[in-house]
Amino acid sequence: MKYISTRGQAPELTFEEAMLTGLARDGGLYLPAEIPVMSQDEIAALAGLPYEEIAFRVMWPYVSGSFAEDEFKQIIARAYEGFGHDARAPLKQLNENHFLLELFHGPTLAFKDFAMQLIGQLFQVALKRRGDRVTIVGATSGDTGSAAIEAFRGLDAVDVFILFPHGRVSEVQRRQMTTPADSNVHALAVDGDFDDCQAAVKDMFNDFDFRDGVKLAGVNSINFARVLAQVVYYFSAAVSLGAPHRKVSFTVPTGNFGDIFAGYIAKRMGLPIDRLVVATNQNDILHRCLSGEGYFKGDTIPSISPSMDIQVSSNFERALYYAYGEDGAAVAQLMDELKSGGFNVSQGAMEALRENFDSGRVSEDETLTTIKHTLVHSAELVCPHTAVGIKVAEEDRAADVPMITLATAHPAKFPAAVEKASGEHPPLPSRMSDLYERPERVTRIANDLGALEDHIRRHIAE
Ligand SMILES: *Cc1c(COP(=O)(O)O)cnc(C)c1O
């Protein structure tokens with residue numbers, strides 16, 4: 001399988017190369033040159049299999065040129081062995097035709113573990129084989145950083161440095177980043193906000209001396225390997241509700257469009273998905289765009305579902321690529337217009353998007369009410385992101401098609417909002433109930449590129 005850029009001007013790469021590179025040289029995002037299709041019989045045969053086996057069958061065509069069969073099976077086994085639930089992604093029923101897909105049983109209690117745990121193992125095997133090592137640097141407002149640290153801790157081909165804004169992440173999120181004791185993990189509390197952290201990481205990638213010197217690598221949500229890992233649970237959930245003999249729909253709390261784009265890939269692979277519903281909070285650029293108002297940036301407004309506080313959804317570029325008939329030049333042009341504020345989507349591309357995607361937006365009040373309502377009517381305490389999904393799903397439901405809403409984080413990751421809404425304090429799962437007692441290890445550092453680069457250079461293993 002070859003991988004091509006959404007902007008059509010970068011060299012074709014193998015899976016392994018695309019994974020290690022992240023962003024394409026023309027600024028685009030990598031996609032498989034062709035999306036493999038599974039037959040109805042192959043999909044039907046997934047029913048009842050262990051999650052790891054479904055993961056192997058769904059992802060194998062994408063990676064087969066880069067990994068051996070047994071090697072890939074072991075990578076998958078290691079990726080998901082630390083999950084706190086044997087089903088990995090269990091389904092729960094909310095009411096007669098609405099189901100919750102619980103994606104928060106990984107080590108950091110959010111769905112990002114599905115992709116990050118896999119990419120950690122993939123990096124380790126690929127780098128070992130090359131006799132190489134890399135330095136992963138990322139900025140986080142909370143969930144991504146802790147997922148990356150859990151995924152890469154203890155792997156000897158990688159050092160991982162995570163920049164987070166000092167004093168501006170939740171205590172659970174901070175402790176998840178500062179308590180791992182492995183020497184290749186480095187949590188940096190930056191005196192600045194999230195945008196400062198992100199800008200610093202960007203500046204490091206643009207400082208070619210530094211970038212080459214420390215062999216900088218990124219694992220943000222544009223990495224195709226992350227999208228691929230997320231395709232798997234669309235299959236596992238749909239077949240357990242009767243696919244391919246019955247259609248299902250999904251509602252996805254969305255920020256960077258990575259998770260829902262994985263659903264679109266599953267659909268193109270032959271999974272009978274009826275609707276893919278984008279659920280946004282008040283940061284609603286995607287909802288506005290899918291409502292026909294064009295794709296125009298607004299100011300990001302902080303919300304109680306902070307992992308969705310995004311105004312430019314990086315993975316939306318991939319959806320545009322298909323909506324524009326795989327025309328890289330057209331995508332490059334749109335992304336150019338985005339730099340000066342935004343663009344209108346052509347009529348043909350709008351029709352293509354509407355064939356697959358619906359959307360809805362949820363206010364802060366509605367999010368709180370939905371948490372309460374879900375506890376009262378379905379005996380489930382849900383996180384604010386999940387509540388955004390549930391609210392939109394209830395509005396978009398068709399009577400004859402089961403709706404599956406993705407539960408993207410555990411309520412205990414966002415205790416303040418959950419308690420405010422429901423009056424109940426969400427406890428941490430018992431396997432991490434000592435999180436508040438574990439010693440923390442963190443370096444507080446100035447928001448200064450020179451200081452950051454110097455710190456990283458001095459702390460990577462030789
Ligand atoms: C990252 C995240 C999202 C948004 O996912 P995207 O792939 O960026 O659309 C939603 N909920 C939670 C809890 C997250 O951590």
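This is a predicted model, so every value here is computed, not measured. (Residues numbered from 1 in each chain as written. Predicted model: local features only at pLDDT ≥ 70, side-chain atom pairs only at ≥ 80, totals over all residues. Heavy atoms only, no water.)

Caption draft 1: Spotlight on the sheet that holds strand 4 (residues 98–102). Within the open sheet, the six strands sit side by side as 3-4-14-9-10-13. Their pairing is mixed. Each end of this open sheet is capped by a strand with a single partner; those strands are strand 3 (91–95) and strand 13 (357–361). Put simply, the sheet's adjacent strands are angled 25 degrees from each other on average, direction ignored. As paired strands, strand 4 and strand 14 (residues 403–407) are joined by five bridges and run parallel to one another. When the bridges of strand 14 are listed, phenylalanine 99 appears paired with isoleucine 404. Seen against the sheet, helix 15 (residues 347–356) touches strand 10 (273–280) and strand 13 and runs at an angle of roughly 80 degrees to strand 13. (Pairing = 2+ DSSP bridges. Helix = DSSP H or I, 4+ residues; strand = E, 2+ residues; numbered from the N terminus. Axes fitted to C-alpha atoms, helices over the stretch in contact; angles between N-to-C directions. Contact = heavy atoms within 4.5 Å.)

Caption draft 2: Geometry of the nonpolar core. If you look at the biggest cluster of nonpolar residues, it comprises 120 residues, and the most contacted ones within it are Phe123, Phe152, Tyr233, Tyr234, Phe235 and Phe250. Beyond its immediate sequence surroundings of up to four residues, tyrosine 233 is in contact with Tyr51, Ala89, Leu101, Leu103, Phe111, Phe114, Asp259 and Leu406. Within the second largest apolar cluster, 16 residues are counted, among which are Val137, Leu188, Val201 and Ile456. (Core = buried A, V, L, I, M, F, W, Y, C linked by side-chain atoms within 4.5 Å. Buried < 20%, exposed > 50% of the residue type's maximum accessible area, 1.4 Å probe, protein only.)

Caption draft 3: Representation of the side chain of threonine 6 within the structure. With respect to the secondary-structure elements, threonine 6 resides in the loop between strand 1 (3–5) and helix 1 (15–21). With a relative accessible area of 0%, threonine 6 lands in the buried category. For threonine 6, the side chain forms a polar contact with the side chain of glutamate 317, separated by 2.8 Å. With residues up to four places along the chain from it excluded, the contact list for threonine 6 reads Gly28, Leu29, Leu31, Glu317, Arg318, Tyr321, Gly328 and Val331. (Polar contact = N/O pair within 3.5 Å; in protein donor to acceptor, adjacent residues only side chain to side chain.)

Caption draft 4: A look at the site of the ligand. The full set close to the ligand counts 15 residues, and Lys112, Asp143, Gly255, Asn256 and Thr408 are the nearest of them. A distance of 2.5 Å separates an oxygen atom of the ligand from a polar atom in the side chain of lysine 112. In the model, an oxygen atom of the ligand is placed 3.2 Å from a nitrogen or oxygen of the phenylalanine 257 main chain. Protein contacts shield 97% of the accessible area of the ligand, which totals 380 Å² for the unbound molecule. Partitioned by chemical class, the residues of the shell around the ligand number five nonpolar, seven polar and three charged. (Near = heavy atom within 4 Å. Areas by Shrake-Rupley, 256 points an atom, 1.4 Å probe, with all protein chains shown as cover. Nonpolar A, V, L, I, M, F, W, Y, C, P; charged D, E, K, R; others polar.)

Caption draft 5: View of the packing of aromatic side chains. Scanning all chains against the criterion turns up 26 aromatic pairs. Considering the side-chain rings of phenylalanine 261 and tyrosine 264, the 5.7 Å spacing of their centres and the 35 degrees angle between planes classify their relative orientation as tilted. Of this pair, phenylalanine 261 and tyrosine 264 both sit in helix 11 (residues 258–268), three residues apart, which is roughly one turn of the helix. The ring of tyrosine 322 carries the charged tip of arginine 268 above its face, separated from the ring centre by 4.5 Å. (Phe/Tyr/Trp six-rings, centres within 6.5 Å; stacked < 30°, edge-to-face > 60°. Lys NZ or Arg CZ within 6 Å of the ring centre and 35° of its normal.)

Caption draft 6: Up close: the sheet that holds strand 8 (residues 216–217). Spatial strand order, 8-5-6-7-15: five strands in an open sheet with parallel pairing. Each edge of the sheet is formed by a strand with only one pairing partner; in this case those strands are strand 8 and strand 15 (443–445). Judged from the six bridges that link them, strand 5 (residues 134–139) and strand 6 (residues 158–165) form a sheet pairing that is parallel. If you follow alanine 139 over to strand 6, its bridge partner there is leucine 163. In this fold helix 7 (residues 171–178) packs onto strand 6 and strand 7 (185–190), with an angle of close to 155 degrees to the strand it touches most, strand 6.

Caption draft 7: Layout of unusual backbone geometry. The omega torsion of the bond from alanine 243 to proline 244 falls at 5 degrees, within 30 degrees of zero and hence cis. Its identity is not glycine, yet arginine 88 carries a phi of approximately 65 degrees, on the positive side. Following the sequence through the fold, arginine 88 ends up in the loop between helix 4 (69–80) and strand 3. Its relative accessible area of 10% is what places arginine 88 among the buried residues.

Caption draft 8: Just the pattern of salt bridges, in detail. If you walk through the whole model with that rule in mind, you get 28 salt bridges. For arginine 174, the salt bridge identified is with glutamate 171, shortest N-O distance 4.0 Å. Residue arginine 174 and its partner glutamate 171 are located together in helix 7, separated by three residues, close to a single helical turn. A relative accessible area of 37% means that glutamate 171 is categorised as partly exposed. For aspartate 434, the salt bridge is made with arginine 438, and the minimal N-O distance between the two is 2.7 Å. A residue is classified by how much of its surface remains accessible, and aspartate 434, at 35% relative accessible area, is partly exposed. (Salt bridge = Lys/Arg side-chain N within 4 Å of Asp/Glu carboxyl O.)

Caption draft 9: Just the packing of helix 11 against helix 13 (residues 316–323), in detail. The geometry of helix 11 relative to helix 13 is characterised by a closest axis approach of 9 Å and an angle of 35 degrees between their N-to-C directions. Residue-level inspection shows Phe261, Tyr264 and Arg268 of helix 11 in contact with helix 13, the latter providing Arg318, Ala319 and Tyr322.

Caption draft 10: Representation of the pairing of strand 6 within the structure. Buried residues dominate strand 6, accounting for eight of its eight residues. The side-chain alternation of strand 6 yields two buried faces, one formed by Val158, Val160, Ile162 and Phe164 and the other by Asp159, Phe161, Leu163 and Pro165. A crossover links strand 5 with its parallel partner strand 6, the connecting element being helix 6 (residues 143–152), and its sense is right-handed. Pairing between strand 6 and strand 7: six bridges, direction parallel. (Right-handed = clockwise from strand over helix to strand, strands pointing away.)

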